[in-house]
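# Fold and geometry: a report
Chain residues, written in single-letter form:
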Amino acid sequence: MEVIMDVSILILIPILLIGIMVFLYVVPLGLWVSALAAGVNVGIFTLVGMRLRRVNPSQIVMPLIKANKAGLDVNVNQLEAHYLAGGDVDRVVDALIAAERASIPLTFERSAAIDLAGRDVLEAVQMSVNPKVIETPIISAVAKNGIELKVRARVTVRANIDRLVGGAGEATIIARVGEGIVTTVGSSEEHTDVLENPDHISRTVLGKGLDAGTAFEILSIDIADVDVGRNIGAQLQTDQAEADKKIAQARAEERRAMAVATEQEMRAKTQDMQAKVVEAQAEVPKALAEAFRNGNLGVMDYYNMNNIIADTKMRENLADSE
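Notes on the structure follow. Nothing here was measured: the structure is a model prediction, and the numbers come from that model. (Residues numbered from 1 in each chain as written. Predicted model: local features only at pLDDT ≥ 70, side-chain atom pairs only at ≥ 80, totals over all residues. Heavy atoms only, no water.)

## Some points on the overall build of the protein
For the protein, the helix and strand inventory stands at 13 helices and 4 strands. Sequence separation of 24 or more characterises 67% of the internal contacts of the protein that already satisfy a separation of 6 or more. Of the roughly 20700 Å² of accessible surface on the protein, a fraction of 57% belongs to carbon and sulfur atoms. (Helix = DSSP H or I, 4+ residues; strand = E, 2+ residues; numbered from the N terminus. Contact = heavy atoms within 4.5 Å. Areas by Shrake-Rupley, 256 points an atom, 1.4 Å probe, with all protein chains shown as cover.)

## Notes on helix α9 (residues 170–186)
Side chains that are three or four residues apart share a direction in an α-helix, a result of its 3.6 residues per turn. Its 17 residues give α9 an end-to-end C-alpha distance of 24 Å, which sits within 8% of 24 Å, the value for a rise of 1.5 Å per residue. Lining the buried residues of α9 we find β2 (139–142), β3 (147–159), α10 (191–196), α11 (199–206) and β4 (216–231). (Expected span 1.5 Å × (residues − 1).)

## Details of unusual backbone geometry
In the Ramachandran plot, S103 falls in the positive-phi region, its phi being about 60° despite a non-glycine side chain. Here S103 shows up in the loop between α6 (89–101) and α7 (108–116). Residue classification places S103 among the exposed positions, given a relative accessible area of 66%. (Buried < 20%, exposed > 50% of the residue type's maximum accessible area, 1.4 Å probe, protein only.)

## Considerations on helix α8 (residues 121–129)
Those residues of α8 not exposed but buried are V121, L122, A124, V125, M127 and S128. Structurally, α8 contributes buried residues whose contacts are with α6, α7, β1 (132–135), β3 and β4. One side-chain oxygen of the residue at the start of α8 lies 3.2 Å from the amide nitrogen of L122, identifying that residue as D120. (Polar contact = N/O pair within 3.5 Å; in protein donor to acceptor, adjacent residues only side chain to side chain.)

## What about the pattern of salt bridges?
All chains considered together, the criterion is met by 12 salt bridges. Among the salt bridges present, the one from E265 reaches K269, with a minimum N-O distance of 3.9 Å. A residue pair is termed a helical-turn pair when its members lie 3 or 4 positions apart in one helix, as E265 and K269 do in helix α12 (residues 232–294) at 4 residues. By relative accessible area, which is 45% here, K269 ends up partly exposed. Members of the salt-bridge network, linked through shared partners, are K66, D90 and D94. (Salt bridge = Lys/Arg side-chain N within 4 Å of Asp/Glu carboxyl O.)

## Things to note about the pairing of β2
Every second residue of β2 is oriented toward a common face, the buried set being I139 and A141 and the non-buried set S140 and V142. As defined by bridge partners, β2 adjoins β3 across 4 bridges and the pair is classed as antiparallel. The residue of β3 that forms the bridge with V142 is E148. (Pairing = 2+ DSSP bridges.)

## Re the packing of helix α4 (residues 58–69) against α6
Two numbers describe how α4 lies on α6: the axes approach to 9 Å, and their chain directions differ by 5°. What the angle tells us is that α4 and α6 run roughly parallel. Across from Q59, I60, P63, K66 and A67 in α4, the residues of α6 making contact are V89, D90, V93, D94 and I97. Of the residues that constitute the contact of α4 with α6, the class distribution is 6 nonpolar, 1 polar and 3 charged. (Axes fitted to C-alpha atoms, helices over the stretch in contact; angles between N-to-C directions. Parallel < 35°, antiparallel > 145°, perpendicular 65-115°, else oblique. Nonpolar A, V, L, I, M, F, W, Y, C, P; charged D, E, K, R; others polar.)

## Quick look at the packing of helix α5 (residues 76–84) against α6
Relative to each other, α5 and α6 sit at 130°, their axes nearing to 9 Å. One element, α5, and the other, α6, form an angle in the oblique class. Contact residues: L79, H82 and Y83 in α5; V89, V92 and V93 in α6. Along the lines of polarity and charge, the residues of the contact of α5 with α6 split into 5 nonpolar, 1 polar and no charged.

Next up, the structure:
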């Protein structure tokens, strides 16, 4: 009997330990005691309900304790609903505490909406207190005289809490500032005007209201660097002249090809005419023979005609030699 009792005790002890562990997991007594010690009223059954809803109680209770100590009016249901929606409860509470200390009006609903929109609400609050400097990449712009200027600007922005949901981000600010710089430099008659007064760019761009519809408020636009680049106007003229030269060469080659074709055609016509001359010369002896037979040409007439032909050739040769 004693052996059986010993075996039963050995079996019951692990079962009891497992039961205690399961109980403490389902009923987080330690977390409940911590909440009571911090003066936060959270029922034990509320914590059990969180377990059943697959919510980590510590990620709700600890931010709730933090918010309660900071004097914020936040309840368990709000935090649990935000957790179930996929939000970062701890970061939202930190943002509310930072906004409270900086006297920035921010409600829990607004903070939760900003967090669920995918923005870092704590960083936004910090940026409202400490403005952020955004440095643009090198922006290439060309003045009216064709000289390229490479401009880099620094934009000081402050987060606008009311426009964080639905407002455009930093990429839009950089794009708008770049567009304003290109427009301002492009409207300058000489690039030296921009080099002499670079603040003209910042004043003109700042006056365009580039922060409209964005999540930021532009405080200042400062020109960090202006460098002279290429002579785009001269390069374009050179490229145009090179293109015109190639067009002229192509047209000249076309005319040359047409001249060569015409020359070959004339040579063919000359050969054709020479053939006709030879053909006509071949008919002369036949005509003379016919004239002799018909009595239209005598022997003396033939000799006289040959003398005239010979005399004519001699005169032509003398004229050519002179």
